[in-house]
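Chain by chain, the residues:
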Amino acid sequence: MVKNSCKLLILLFLASSVNLYAADVMSSFLPKVETITRVTDTIPAKEKATKAKKTNSKAKKVTFENFDQSYERAMRYYKNGSYLSAAGLFEELYPLSLGTPRADTILYLFAHSYYMNKDYSMAAFHFHDYVKRFPNTERTEDAFYYCVSAIYNTSPDYYLDQSSTQYAIDEIKAFIQAYPDNKHIEECNEMLDALRLKLARKDLEILILYYNTDHYEACQIAAKNFFNEYSYSPLMSEAVYYLVLNNYEYARKSVEGKKLERYKACQEACLKMELSYSDSKYYKETSKIAQDVAKQLEKYNKQN
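Parameters at a glance
Residues numbered from 1 in each chain as written. Predicted model: local features only at pLDDT ≥ 70, side-chain atom pairs only at ≥ 80, totals over all residues. Heavy atoms only, no water. Helix = DSSP H or I, 4+ residues; strand = E, 2+ residues; numbered from the N terminus. Buried < 20%, exposed > 50% of the residue type's maximum accessible area, 1.4 Å probe, protein only. Contact = heavy atoms within 4.5 Å. Areas by Shrake-Rupley, 256 points an atom, 1.4 Å probe, with all protein chains shown as cover. Expected span 1.5 Å × (residues − 1). Patch = residues over 30% accessible without salt bridge, like charges linked within 9 Å, V, L, I, M, F, W, Y side chains within 5 Å. Salt bridge = Lys/Arg side-chain N within 4 Å of Asp/Glu carboxyl O. Lys, Arg positive; Asp, Glu negative; His and termini not counted. Charge placed at Lys NZ, Arg CZ, Asp CG, Glu CD.

Considerations on the overall build of the protein chain
Now for step 1: A count of helices and strands for the protein chain gives twelve helices and zero strands.
Now for step 2: Secondary structure of the protein chain in N-to-C order comes out as α-α-α-α-α-α-α-α-α-α-α-α.
Now for step 3: Counting the 304 residues in the protein chain, one finds 37% classified as buried.
Now for step 4: Across the protein chain, the fraction of contacts at a sequence separation of at least 24, relative to all contacts at a separation of at least 6, is 58%.
Now for step 5: Per element, the accessible surface of the protein chain, about 19,700 Å² overall, is 55% carbon and sulfur.

Now the structure itself:
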């Protein structure tokens, strides 16, 4: 009986020890469980924030319902010089404004915002669209001017392809023809001069390249075309100078039977420089060449 009682006490003691050990083990895991719970609890909050952001984004989109408020906001951006923000809003407003009295205003300010932000390609495109869609408003003349001014600003450096430069010249001429008494006539003439100078510089560089690579006949043809195309260009004296150099080298390197003819061609170029550009920085050098050419011609004339 006593033995049985002892066994029972031992079993109870062991059971209580196991329970205490299990409790201790479980307690060691409690912080990790709590941490996981806290991280999990934050997920719904993030989802709510994302949904709120999307809702706000949708609310900012221009619709017929918030058109007036969006238009006023775009005007504030425009007047404060925030042209990129204004252009973004005007772009959304414009399709909704078609057929309303505000359409031409929005398109004009849309294009002008790009112009003021120096995005000239976009400005030219939208001003051109304005002139086409609204040909008889009080803004049409200014829109046309800004269009050609934007096109002018897209003209590249002279050593690149000049098709857009020629296009700018044609558009400026069309503007002057449409509005001969416009208030921008002086600026238009200045733009034309700058564009023509760019074309002249490109053609002159081709002429110089022919000379530097000993393509003497090609240089003569290029010079002739240059004189016909750019007779009033400030680059004319430089073009004549390179023609003198070209013809002089061509004559010196020619066979004897061709030298007389080619020295005469050089003398003509020297005379052109003397008569028209004696005040240029190139005249001193060409006058020395002219003296040598005269001696060579005298020699060959005596032989003949």
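Points about helix H6 (residues 140-153)
Now for step 1: For H6, spanning 14 residues, the distance from its first C-alpha to its last is 20 Å, which sits close to the expected 20 Å at 1.5 Å a residue.
Now for step 2: For H6, the complete set of buried residues consists of Thr140, Ala143, Phe144, Tyr145, Cys147, Val148, Ser149, Ala150 and Ile151.
Now for step 3: Where the residues of H6 are buried, they touch helix H4 (103-116), helix H5 (120-133), helix H7 (163-178) and helix H8 (185-212).

Side note on a negative patch on the surface
Now for step 1: On the surface, Glu186, Glu187, Glu190 and Asp193 cluster together into a patch of negative charge.
Now for step 2: Position of Asp193 relative to the elements: it lies in helix H8.

A look at unusual backbone geometry
Now for step 1: Residues other than glycine seldom take positive phi values, yet Lys118 does so here, at roughly 65°.
Now for step 2: You can see Lys118 is positioned in the loop between H4 and H5.
Now for step 3: By relative accessible area, Lys118 is classed as exposed at 63%.
Now for step 4: Phi is positive for Asp214, close to 65°, though the residue is something other than glycine.
Now for step 5: For Asp214, a relative accessible area of 43% translates into the label partly exposed.

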